[in-house]
Amino acid sequence: MQGFFSKLSPQEKKIFYIAVIVIVLVAFDRLFLGPITDKLKSIDAEALLKENVIKRDTRFLVYEDRINLEYKVFSKYFTKELAEEDIIKRDFLGKIEQLANNSSVSLAKNSFSNIQKHKSTIEYYTNLECTGTLENMLNFIYTINSGDDLLKVTTFNMSAKRGA
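Residues numbered from 1 in each chain as written. Predicted model: local features only at pLDDT ≥ 70, side-chain atom pairs only at ≥ 80, totals over all residues. Heavy atoms only, no water.

**Brief notes about the layout of surface pockets**
- In this structure, the largest pocket occupies an estimated 2000 Å³ of space.
- For the largest pocket, the lining is made up of 47 residues, of which Phe92, Ile96, Tyr124, Leu151 and Lys152 are closest to its centre.
- Mapped onto the lining of the largest pocket, the elements with two or more residues apiece are α4 (85–102), β1 (106–117), β2 (122–131) and α5 (134–146).
- For the lining of the largest pocket, the leading source of residues is β2, giving 10 residues.
- For the lining of the largest pocket, the class distribution of residues is 24 nonpolar, 13 polar and 10 charged. (1 Å grid on protein atoms, 1.4 Å probe; cavity = no way out; pocket = protein on both sides within 12 Å on 5 of 7 lines; lining within 4 Å. Points joined across faces, edges and corners; volume = space filled by probe spheres on them. Helix = DSSP H or I, 4+ residues; strand = E, 2+ residues; numbered from the N terminus. Nonpolar A, V, L, I, M, F, W, Y, C, P; charged D, E, K, R; others polar.)

**Topic: the pattern of salt bridges**
- The final tally for this structure, using the stated rule, is five salt bridges.
- Lys55 serves as the salt-bridge partner of Glu51, at 3.5 Å between the closest nitrogen and oxygen. Pair noted here: Glu51 and Lys55 are both in helix α2 (residues 10–62), with a separation of four residues, about one helical turn.
- Assessed through its relative accessible area of 39%, Glu51 is described here as partly exposed.
- For Lys55, a relative accessible area of 48% gives the class partly exposed.
- Taking the shortest distance from any N to any O, the salt bridge between Arg90 and Asp91 comes out at 3.4 Å.
- Judged by relative accessible area, Arg90 falls into the exposed class, the value being 55%.
- Assessed through its relative accessible area of 45%, Asp91 is described here as partly exposed. (Salt bridge = Lys/Arg side-chain N within 4 Å of Asp/Glu carboxyl O. Buried < 20%, exposed > 50% of the residue type's maximum accessible area, 1.4 Å probe, protein only.)

**Digging into the packing of α4 against α5**
- Remark: α4 packs on α5, axes separated minimally by 9 Å, with the N-to-C direction vectors making an angle of 135°. With respect to α5, the axis of α4 lies oblique. By crossing handedness, the relation of α4 to α5 is classed as right-handed. On α5, the residues touching Ile96, Leu99 and Ala100 of α4 are Phe140, Thr143 and Ile144.
- When the residues that make up the contact of α4 with α5 are grouped by side-chain class, the tally is five nonpolar, one polar and no charged. (Axes fitted to C-alpha atoms, helices over the stretch in contact; angles between N-to-C directions. Parallel < 35°, antiparallel > 145°, perpendicular 65-115°, else oblique. Left-handed = near helix turned anticlockwise from the far one by under 90°. Contact = heavy atoms within 4.5 Å.)

Here's what the structure looks like:
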């Protein structure tokens, strides 16, 4: 090595030193600076992701009171255990009969027509045949639609009663 270095001219020695310095700097960059900057970039990306999650969660916290209020309003409709089908049908038909009696409407027929099961809800449908004055019928429909029991009239057919 000493023989090689002694044969170099002063200008070649400068170039050799510069080349060694460049090689040392490149090795330092590859061994130390590169992994550190990559780690810092991944930490910054993770911090940004967590910051976005926190921003989203704080938006939910802003609406916490409203969500809790709505939960209290609708909590009476939630159930952990589903009652037996016969009990549900009996209670449902009984509620319809009670509303009809309160509206002075006579029920001639009250029977289930369909049950539709969805992801988180079950819809029960019934066919009714009833008689009464127009005012009582409209009151009956209004009572069904405006009650707290989530009952709705979906189809309504009306025909005149044949006179005697």
